[in-house]
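Results of the structural survey
Each chain is listed here by its residues.
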Amino acid sequence: MKDLLRTADLSRADVDLLLDTAAQFAQNPLRSKDALANRTVAIYMTKPSTRTRLASESAVAHLGGTPIFLRGDDLQIGRGETIADTARVISGFCSAMLIRTFAQSDVDELGLHASIPVINGLTDVDHPTQLLADWATIREVFGTDIAGRKFTYVGDGNNMAHAWLAMGAILGAHVVVSTPTGKWAPDNDAIATARKIADSTGATIEVDHDPENAAKGSSVLYTDVWMSMGDPENERAEKLKALAPYQVNGHLMGLAEKDAIFMHCLPAHRGEEVTADVIDGARSHIWREAFHRRTTIQSIMYHLVRGELKGR
Ligand code: CP
Ligand code: NVA
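The rules behind each value
- Residues numbered from 1 in each chain as written.
- Chains lettered and ligands numbered in written order.
- Predicted model: local features only at pLDDT ≥ 70, side-chain atom pairs only at ≥ 80, totals over all residues.
- Heavy atoms only, no water.
- Helix = DSSP H or I, 4+ residues; strand = E, 2+ residues; numbered from the N terminus.
- Rg over C-alpha atoms; globule rule 2.2 N^0.38 Å.
- Buried < 20%, exposed > 50% of the residue type's maximum accessible area, 1.4 Å probe, protein only.
- Salt bridge = Lys/Arg side-chain N within 4 Å of Asp/Glu carboxyl O.
- 1 Å grid on protein atoms, 1.4 Å probe; cavity = no way out; pocket = protein on both sides within 12 Å on 5 of 7 lines; lining within 4 Å.
- Points joined across faces, edges and corners; volume = space filled by probe spheres on them.
- Nonpolar A, V, L, I, M, F, W, Y, C, P; charged D, E, K, R; others polar.
- Core = buried A, V, L, I, M, F, W, Y, C linked by side-chain atoms within 4.5 Å.
- Contact = heavy atoms within 4.5 Å.
- Arc of directions from axis to C-beta.
- Phe/Tyr/Trp six-rings, centres within 6.5 Å; stacked < 30°, edge-to-face > 60°.
- Lys NZ or Arg CZ within 6 Å of the ring centre and 35° of its normal.
- Pairing = 2+ DSSP bridges.
- Right-handed = clockwise from strand over helix to strand, strands pointing away.

**Quick look at the overall build of the protein chain**
Across its full length, the protein chain holds twelve helices and nine strands. By the compact-globule yardstick of 20 Å for 312 residues, the protein chain fits well, its C-alpha radius of gyration being 19 Å. Oriented by its inertia axes, the alpha-carbon framework of the protein chain measures out at about 55 × 45 × 35 Å. Put simply, the protein chain has 312 residues, and 55% of those count as buried.

**Things to note about the pattern of salt bridges**
Considering all chains together, one arrives at 16 salt bridges under this definition. For Arg-12, the salt bridge goes to Asp-16, with nearest N and O atoms at 3.1 Å. With Arg-12 and Asp-16 both in helix α1 (residues 12–27) and four residues apart, the pair spans about one turn of that helix. Taking the shortest distance from any N to any O, the salt bridge between Arg-53 and Glu-57 comes out at 2.9 Å. Of the two residues, Arg-53 and Glu-57 both sit in helix α2 (residues 51–62), four residues apart, roughly one turn of that helix. Among the residues examined, Glu-57 registers a relative accessible area of 22% and is labelled partly exposed.

**Section: empty space enclosed by the protein**
Overall, the coordinates contain one cavity of 30 Å³ or more when judged by the stated rule. Considered as a void within the structure, the largest cavity measures approximately 40 Å³ in volume. What lines the largest cavity is simply Arg-12, Trp-135, Arg-139, Gly-143, Thr-144, Ile-146 and Leu-171. By residue class, the composition of the lining of the largest cavity is three nonpolar, two polar and two charged.

**Quick notes on the nonpolar core**
Judged by nonpolar contacts, the single largest core of 58 residues is most densely connected at Leu-10, Leu-132, Trp-135, Phe-151, Trp-164, Met-167 and Val-220. The element best represented in this core is helix α6 (residues 159–170), accounting for nine residues. Leave out the neighbours within four places in its chain, and Val-220 touches Ile-138, Phe-142, Lys-150, Phe-151, Thr-152, Trp-164, Ile-261 and Met-263. With 17 residues, the next largest nonpolar core counts Leu-252, Ala-256, Val-278 and Ile-279 among its residues.

**Some details on helix α4 (residues 104–113)**
Of all the positions in α4, only Gln-104, Val-107, Leu-110 and Gly-111 are classed as buried. On an axial view of α4, the arc spanned by its buried residues comes to 120°, and they lie on one face. Contacts made by the buried residues of α4 are with α3 (83–93), β3 (96–100) and β4 (118–120).

**Observations concerning the packing of aromatic side chains**
Inspection of the entire model under this criterion finds five aromatic pairs. Arranged with centres 4.9 Å apart and planes meeting at 55°, the rings of Trp-135 and Phe-151 form a pair that is tilted. A residue pair is termed long-range when its members are at least 10 positions apart, and Trp-135 in helix α5 (residues 128–142) and Phe-151 in strand β5 (residues 150–154) qualify at 16 residues. Feature note: the residues Trp-135, Phe-151, Tyr-153, Trp-164 and Tyr-222 constitute an aromatic cluster, connected by ring pairs. When the ring centre of Phe-25 is taken as origin, the NZ or CZ atom of Arg-31, which lies over that ring, is 5.7 Å away.

**Re the pairing of strand β6 (residues 174–178)**
Within β6, four of the five residues are buried, which leaves the element mostly enclosed by the surrounding structure. Two strands pair when backbone bridges link them, and β5 and β6 are joined in this way by five bridges, in the parallel orientation. Residue pairing across strands places Thr-152 opposite Val-176, the latter belonging to β6. Relative to strand β7 (residues 204–208), β6 is paired through five bridges, and the arrangement is parallel. Note on β7: the bridge partner recorded for Val-177 is Val-207. In this region the chain leaves β6, passes through helix α7 (residues 188–201) and returns to the parallel neighbour β7; the handedness of that crossover is right-handed.

Written as structure tokens, this is what we have:
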């Protein structure tokens, strides 16, 4: 596996390897401080980012390399240079690249034409690096024996919901995604992919529209913003109304398991998808989750550059 383009591309063995190494990078950030010595990694983003950018630049630095951050309009792509040509040029200078953008097809095309590893740092339909940080956090809390546990995402059926389904499927977990029906439900493709993976891993994939039912007995309640980057502003009022019953609040947390934790990829909008008492409360693990963005991206870069991921 040359690239990490989609969450669903990872095998169980890949995820285990990535999370084991991330745990080591959590203990000792500099344990592979020469892995990228005298090398560069491009980080190209056409959408804003706080965590993914900071985590990626820090990860490259901890591996001994130099990050080169490129904003969307820094490159000639905006003036018509093709993705294929850009991929070839970046491959001539850098040892890997991470890209955050809108269309998944642009990331796939970069992967196709780049000779170096390409990492998806978020698209409209997926967010693989986030899910590794999420499961690094979940494993610290619950360990690897997750039989009988339920892992629930409540909210918009967006990139995070898709990635949640795919990673849960790979890990053989019981995952639930609870969203409104219709426009803000997860894409059928993402559900089908997760169900297909689940056939071979024994995962249970539930797509639900009743947040209380979904929350009941969950070990994790996860949510994400209701308005994602690039979502049409003219749909805001309609969307927030449809999502209102999916807010993670004290009532919903009360339906979860006694030892349940709250998670959120961030950025958060207190009073929309989550109440302040929950996200800032004792059961919230958001800061450890954000911390693991660096450990996991460092692990992804380390293993991809060494050609050690096999894919599914
Ligand atoms: N969770 C996440 O991807 O955050 P940023 O948008 O700040 O990178
Ligand atoms: N769904 C959100 C995730 C941000 C990390 C977005 O795409 O904006």
